[in-house]
Amino acid sequence: MIRTCIFDLDGVLVDTARYHYLAWRRLARELGFDFSEEQNEALKGVSRMASLDILLSCGGVRDKFSILEKEEMAARKNGWYVEMISRMTPEEVLPGVEAFLTEARRVGLKIALGSASRNAPMILDRTGIAHFFDAVVDGSMISAAKPDPQVFLLGAQLTGSAPVECVVFEDAEAGIEAAERAGMRSVGVGGSPTLARATIKIDGFEGFDVAKMKELL
Ligand code: BG6
Ligand code: MG
């Protein structure tokens, strides 16, 4: 039985994955190298500092900087990112998401957020979807990032569900692995080939509903 739906945020409910990419690419260019969308796939779902390490490896400069310098770079990237997300509007919620969340609540499912982002509360607020959530777990509440299962296990705990009663919606490979390690079923959202291990895959929430979810899982 499914009691709780746990949603990743970036790339699942809103297209902030794009803003993350633009901000990381700007940093890469300032450092003197380019950063492609393919390379960016590896950053999805990954924490801010781990993302920076991957980016620096792509530019072949990972070992060139001190921890302090890296913290400054991550802060610079986050400044650009926050500038973009602070202008977000409810129109940026991905198609079908609000209908799915509305139906899930109506049929009595619990709704949790399981995001690695420390900016998650601001995004929920700017896009007007905060009211859907029974529990919000963001990057400031966890000590181990995806693929560690902590973020989803906390979401289960806060909504009073056992892991087997939870289903995770994710657009990132690290998130699908985290769900697997948490003992939860998963829905891979967005059609990336890296989501092969998800229990089921959907392109997006348009045309998807609770009955389909229950039937397919
Ligand atoms: C995840 C994103 O949701 O949050 C990653 O998929 C991002 O790309 C991570 O690095 C941390 O986000 P933030 O907003 O705290 O830098
Ligand atoms: Mg994501």
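Residues numbered from 1 in each chain as written. Chains lettered and ligands numbered in written order. Predicted model: local features only at pLDDT ≥ 70, side-chain atom pairs only at ≥ 80, totals over all residues. Heavy atoms only, no water.

(A) Representation of the domain arrangement of the protein chain. Under the domain assignment used here, the protein chain contains domain 1 (4-15 + 90-216) and domain 2 (17-85). Taken together, the contact between domain 1 and domain 2 spans 17 residues of the former and 13 residues of the latter. The contact between domain 1 and domain 2 buries some 1,200 Å² in all, and 52% of this surface belongs to carbon and sulfur atoms. Where domain 1 meets domain 2, there are zero salt bridges. Between the two partners, domain 1 and domain 2, sit six residue pairs in polar contact (both at pLDDT 80 or more). Considering every element that reaches the side of domain 1 that touches domain 2, the biggest residue donor is helix α6 (residues 120-127), with three residues. The residue inventory of the side of domain 1 that touches domain 2, partitioned by class, reads six nonpolar, four polar and seven charged. (Domains from an automatic or database assignment. Contact = heavy atoms within 4.5 Å. Buried area = accessible area lost by both parts, 1.4 Å probe. Salt bridge = Lys/Arg side-chain N within 4 Å of Asp/Glu carboxyl O. Polar contact = N/O pair within 3.5 Å; in protein donor to acceptor, adjacent residues only side chain to side chain. Helix = DSSP H or I, 4+ residues; strand = E, 2+ residues; numbered from the N terminus. Nonpolar A, V, L, I, M, F, W, Y, C, P; charged D, E, K, R; others polar.)

(B) Highlighting the sheet that holds strand β2 (residues 110-114). Read across the sheet, six strands follow the order β3-β2-β1-β4-β5-β6 without closing on themselves; strand pairing throughout is parallel. Looking along the sheet, the strands with just one partner apiece sit at the ends: β3 (135-137) and β6 (200-202). Neighbour-to-neighbour, the strand axes of the sheet open up by a mean angle of 20°, direction not taken into account. Here strand β4 (residues 166-170) pairs with strand β5 (residues 185-189) via four bridges, running parallel. Opposite F169, over in β5, you have V187 as the bridge partner. (Pairing = 2+ DSSP bridges. Axes fitted to C-alpha atoms, helices over the stretch in contact; angles between N-to-C directions.)

(C) Main features of the pairing of strand β1 (residues 4-7). Neither face of β1 is exposed, since T4 and I6 on one face and C5 and F7 on the opposite face are all buried. In terms of strand pairing, β1 meets β2 through four bridges, oriented parallel. Bridge pairing in β2 places C5 opposite I111. Note: β1 against β4, four bridges, orientation parallel. Considered in β4, the bridge of F7 is made with F169. (Buried < 20%, exposed > 50% of the residue type's maximum accessible area, 1.4 Å probe, protein only.)

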